[in-house]
Amino acid sequence: MTVVEKLEALRSLMNEKNMAAYIVPADDFHGSEYVGDYFKAREYMSGFTGSAGTLVVLPDRACLWTDGRYFLQADAQLQGSTIELMKAGQPGVPEIADFLADSLKENDCIGFDGRTVTSHFVQELSKKTDVKKISFSGEEDLVGMIWKERPQMSMEPVWELDVKYAGMTREEKLASLRERMKEEKADVIILAALDEIAWLLNLRGNDVKCTPVFLAYMVIDQNRAVLCAHEEILSEDIRKKLSDAGIEVMPYEGAAQILKELSEGKTILADGDKVNYQLVKSIPENVAQKDIQSPVMLMKAVKNPREMENIRNAHIKDGVAVTRFIYWLKNNAGKEKITEISAAEKLEAFRAQQEGFIGPSFQSIIGYGAHGAIIHYAATEETNVQIEEKSFCLADTGGHYLEGTTDVTRTIVMGELTDEERKMYTLVLRGHLNLGAAKFVYGVCGPNLDSIAREPLWEYGLDYNHGTGHGVGHILSVHEGPQRFHWNANPAAKSAALEEGMVISDEPGVYLAGKFGIRHENLVLCRKGEKNEYGQFMYFEELTMVPFDTEAIDVSLITEKELAHLNAYHQKVYYAISPYLEGEELEWLKKVTRPLTK
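Residues numbered from 1 in each chain as written. Predicted model: local features only at pLDDT ≥ 70, side-chain atom pairs only at ≥ 80, totals over all residues. Heavy atoms only, no water.

**Student:** Help me get a handle on the packing of helix H14 (residues 305-332) against helix H19 (residues 583-592), residues and values and all.
**Tutor:** H19 packs onto H14 with a crossing angle of 95° between their chain directions and a minimal axis gap of 10 Å. Between H14 and H19, the angle is such that the two are roughly perpendicular. Contacts between H14 and H19 involve Thr-323, Arg-324, Ile-326, Tyr-327 and Lys-330 from the former and Glu-584, Glu-585, Trp-588 and Leu-589 from the latter. Each residue belonging to the contact of H14 with H19 can be placed in one class, and the counts come to four nonpolar, one polar and four charged. (Axes fitted to C-alpha atoms, helices over the stretch in contact; angles between N-to-C directions. Helix = DSSP H or I, 4+ residues; strand = E, 2+ residues; numbered from the N terminus. Parallel < 35°, antiparallel > 145°, perpendicular 65-115°, else oblique. Contact = heavy atoms within 4.5 Å. Nonpolar A, V, L, I, M, F, W, Y, C, P; charged D, E, K, R; others polar.)

**Student:** Explain the nonpolar core to me, using residue names and the numbers behind them.
**Tutor:** Grouped together as the largest cluster of nonpolar side chains are 73 residues, with contacts concentrated most on Phe-325, Leu-329, Ile-387, Phe-440, Leu-498 and Phe-540. By residue number, the principal contributor to this core is H14, which donates eight residues. Apart from residues lying up to four places away in sequence, Phe-325 is in contact with Ala-343, Leu-347, Phe-350, Ile-366, Ala-395 and Ile-412. Counting 59 residues, the second-largest nonpolar core is a separate cluster that includes Leu-242, Tyr-252, Ile-258 and Leu-269. (Core = buried A, V, L, I, M, F, W, Y, C linked by side-chain atoms within 4.5 Å. Buried < 20%, exposed > 50% of the residue type's maximum accessible area, 1.4 Å probe, protein only.)

**Student:** Go over the packing of aromatic side chains with me, naming the residues and quoting the values.
**Tutor:** Inspection of the entire model under this criterion finds 17 aromatic pairs. One aromatic cluster in this structure is built from Phe-29, Tyr-38 and Phe-39. The aromatic ring of Phe-548 is capped on one face by Arg-410, whose charged end is 3.8 Å from the ring centroid. Taking NZ or CZ as reference, Arg-454 lies 3.9 Å from the ring centre of Tyr-464, over its face. (Phe/Tyr/Trp six-rings, centres within 6.5 Å; stacked < 30°, edge-to-face > 60°. Lys NZ or Arg CZ within 6 Å of the ring centre and 35° of its normal.)

**Student:** So what about the packing of helix H4 (residues 96-103) against helix H5 (residues 119-129)? Which residues, and what values?
**Tutor:** Where H4 contacts H5, the two axes come as close as 9 Å, and the packing angle between them is 35°. The element H4 and its partner H5 pack so that their crossing is right-handed. In this structure, H4 contributes Ile-96, Ala-97, Asp-98, Leu-100 and Ala-101 to the contact, and H5 contributes Phe-121, Glu-124, Leu-125, Lys-128 and Thr-129. Looking at side-chain class alone, the contact of H4 with H5 contains six nonpolar, one polar and three charged residues. (Left-handed = near helix turned anticlockwise from the far one by under 90°.)

**Student:** With reference to specific residues and values, describe the sheet that holds strand S14 (residues 288-290).
**Tutor:** With respect to topology, six strands assemble into an open sheet ordered S12-S11-S10-S8-S13-S14, the strand pairing being mixed. Across the chains shown, the open sheet's two edge strands, defined by having one partner strand only, are strand S12 (247-250) and S14. Each adjacent strand pair in this sheet contributes to an overall mean axis angle of 20°, direction not counted. Here helix H8 (residues 170-183) sits on the sheet in contact with strand S8 (188-191), strand S10 (216-221), strand S11 (225-229) and S12, set at roughly 60° to S10. Its contacts with the sheet put helix H9 (residues 194-201) on S8, S10, S11 and S12, and the angle it makes with S10 is roughly 60°. (Pairing = 2+ DSSP bridges.)

**Student:** Help me get a handle on the pairing of strand S17 (residues 392-397), residues and values and all.
**Tutor:** Within S17, six of the six residues are buried, which leaves it mostly tucked inside the rest of the structure. Both faces of S17 are covered, namely the face carrying Phe-392, Leu-394 and Asp-396 and the face carrying Cys-393, Ala-395 and Thr-397. The pairing of strand S16 (residues 365-368) with S17 spans four bridges and is classified as antiparallel. Paired with Gly-367 across the strands is Leu-394, a residue of S17.

Functional significance is not addressed by these values, which are geometric in nature.
Set out below in structure tokens:
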């Protein structure tokens, strides 16, 4: 069926069930950013393949909300679909709840699959539509009724992450979580976020592409811990180890029943940003709900000393692979046919040569020329172009290693540049360097620092429509919270103080549609610095070990301080990865990391 035919089929079902609107989010049952093929209902219904976006279907109208990373992509993919693009956060574009409150009549019904929307999302809908006495129907998966060839739900085998990589045993993590539950006066906690469960149990899986997690829920109290997962994914050895740690295993669908059986007077901690609407509805009315951020999120985000050391080693391995790739691309483009897709395959091959490589941490973004301006561009057979000896190639890629997860972007010079390209490259690099060199007192949150990276662009009336940085998990999701760099002051956009051990990206950019895109990205590790009468000072340790392409730098636009930081970084890169290079690759590394002067 075409997208138009799918929408008509959905509207027919909506009419049968007296629904005036139906919401199709991008989420799975766990609020995940990236999801398995079974859960790609929004992609199936709309044709839009981005990771973020929600489709809302009315009898006479269909709209899709997505953020600034995907405006160009969504605009192209929605052509001919009859679906209107709603550019979230832009002037005049309402939020979904406000849109529905304005569009629906009194006593109308909004439908959705209650397993795919969070409790907080429905709370916001209820708040905005209450005046019209709008009702909700969360029991019907209407897309599932249309999607006749839907892929099976993934049930890949789970594997164990050795404590030499994890740094703590699952027993230690459970004990720490239970202490935090006591502090919050919670008797029970329900965990639905897949990365939180995988981290807590020192287990990894393969149910989501590029994210080594497995489908599961957990319900934990002071005496009992229950893992609800597909039983066939757990080996006998892992089952025994879980049992030895006091963890029971029940079927994946069993979490709702456990919640229904909670005793009167108990208090359950359920993070409304993570736990789906259907699960929350299963909690008895005589059980108190504490809707706060899951404590596991912060526990996971603050890397322990073993994890920090392992992550440094992962970035040295990754630096060798990415540096070899850049050298190869610059020296072979134009001499042989290299496309965006074949370049991504070559980079993965370089990574695969590194010991402990597991796989990519997200779908590689190799955008040549104008494609670099599409922030989350992913080449397809239809869009794949040859990389030529001119302009830029933007390469945003990452890997999972047994030691940790990487995410790096380099904008690579492929040939003669214009003055505009040099200027933009340098302005973005200045912002990147200044944020990486930031020093601040403890208690500062990421949004407090975001403008440091944007200031060189703001000076010229330029900006970029995405956050400056996101947290990165340890062999989990390449995007994790609560740490982030983003100027958005929306009270709903939670932020947290930057703690020692947090890994976060530093990735400003500039994107000129139809021309080129530039982004510079390193991962940094938050560290404690000096402590004095003004408080505990913090700084960032650079983790990524890949040189910048100095051919594009206009030194007349860069300050001495910024140049000194760049030179120090390049010296660090050289000493970290030069022992693993030889011949022409090593000579090239010496050349590109030599100190620059005004």
